[in-house]
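Letter by letter, the chains look like this.
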Amino acid sequence: MTTTAYSRDPRASDFTARLATWRATVGRFPLSVLELGMRIAVGATFFKSGMNKAQSFDTAMELFREEYRLPLLPPDIAAYLGTAVKLAAPVLLVFGLFAHFGAATLLAMPLAIQFLVYPGNWPEHLMWGSILAYVVSRGPGTLSIDRIVAFNLSDEPEGRPPWPDHASSLSARALVD
């Protein structure tokens, strides 16, 4: 039986080392900043839609009557409810105030739109739904009013910051300080 020894290409190990360095550098980016960015992106999208509906409410009513045709709600109620949710819930989401509730409320919209109105728009709905499901399941993150309120209501020792004590939040601390 013959044993064959393979020599490693030095370029491959150099690439692997560079890749590991890059991953370590990217891994230090604070998760709280990503969470805030996700909340702002989705919140802005829904808020803009709510503003458009509020500014031309007659058109919104017509859309609910003729195009959306939701089977569960009368068009008038659906238009008022949809506009109100698209104006209020994004504010909660962006500021991270009752963020679980705001995200859950907004999550119902792409689900309803996906299954009842526009099934072909699944990539958009998947993107919004994924971000909103993240907030519902994990919370808004350390850069949120919910986190500050939870810190002030807890029995933590005085003077401890309202964020977890780990290296990935160092940049978030710099943003808050």
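Here's what I pulled together on the structure shown here. If you're wondering where the values come from, they're calculated on a predicted model, not measured in any experiment.

## Description of helix α2 (residues 31–55)
- Compared with an ideal rise of 1.5 Å per residue, which puts 25 residues at 36 Å, α2 spans 36 Å between its outermost C-alpha atoms and is within 8% of the ideal.
- Among all positions of α2, only S32, E35, R39, V42, G43, F46, S49, G50 and K53 are buried.

## Overview of helix α3 (residues 57–68)
- Every buried residue belonging to α3 is among F57, A60, M61, F64 and Y68, and all of these are buried. One side of α3 carries all its buried residues, which in axial view fall inside an arc of 110°.
- Against α2, α4 (75–95) and α5 (99–117) lie the buried residues of α3.
- Phi turns positive, to about 45°, at R69, one or two residues after α3.

## Details of a nonpolar patch on the surface
- A surface patch of nonpolar side chains, amounting to about 930 Å² of accessible area, comprises F47, M51, V91, F95, L97, F98, F101, I145, V149 and L153.
- Only α2, α4 and α7 (145–153) provide two or more residues apiece to the nonpolar patch.
- By residue number, the principal contributor to the nonpolar patch is α7, which donates three residues.
- For V91, the position within the fold is in helix α4.

Conventions we followed
- Sequence order as written defines residue numbering, which begins from 1 separately in each chain.
- For this predicted model, a pLDDT threshold of at least 70 governs which residues receive local features, and a threshold of 80 or more governs which side-chain atom pairs are given and counted, while totals over whole chains, interfaces and linings are taken from all residues.
- To get the side-chain values, all heavy atoms of the structure are used, and hydrogens and water are removed first.
- Here a helix means four or more residues in a row that DSSP labels H or I, a strand means two or more in a row labelled E, and each is numbered from the N terminus.
- In a helix, the anticipated span is given by 1.5 Å times the number of residues less one.
- Type-normalised accessible area, obtained with a 1.4 Å probe on protein chains alone, sets the label of each residue: buried when under 20%, exposed when over 50%, and partly exposed for intermediate values.
- This arc is taken over the directions from the axis of the helix to the C-beta atoms.
- The contact criterion used is simple: two residues touch if any of their non-hydrogen atoms lie within 4.5 Å.
- Two joining distances apply to patches: 9 Å for like charges and 5 Å for nonpolar side chains (Val, Leu, Ile, Met, Phe, Trp, Tyr), and every residue must have over 30% relative accessible area and no salt bridge.
- With residues, only the protein chains shown are counted as cover, and all accessible areas are computed by Shrake-Rupley using a 1.4 Å probe.
- Salt bridge, as applied in this entry: a Lys or Arg side-chain nitrogen positioned within 4 Å of an Asp or Glu carboxyl oxygen.

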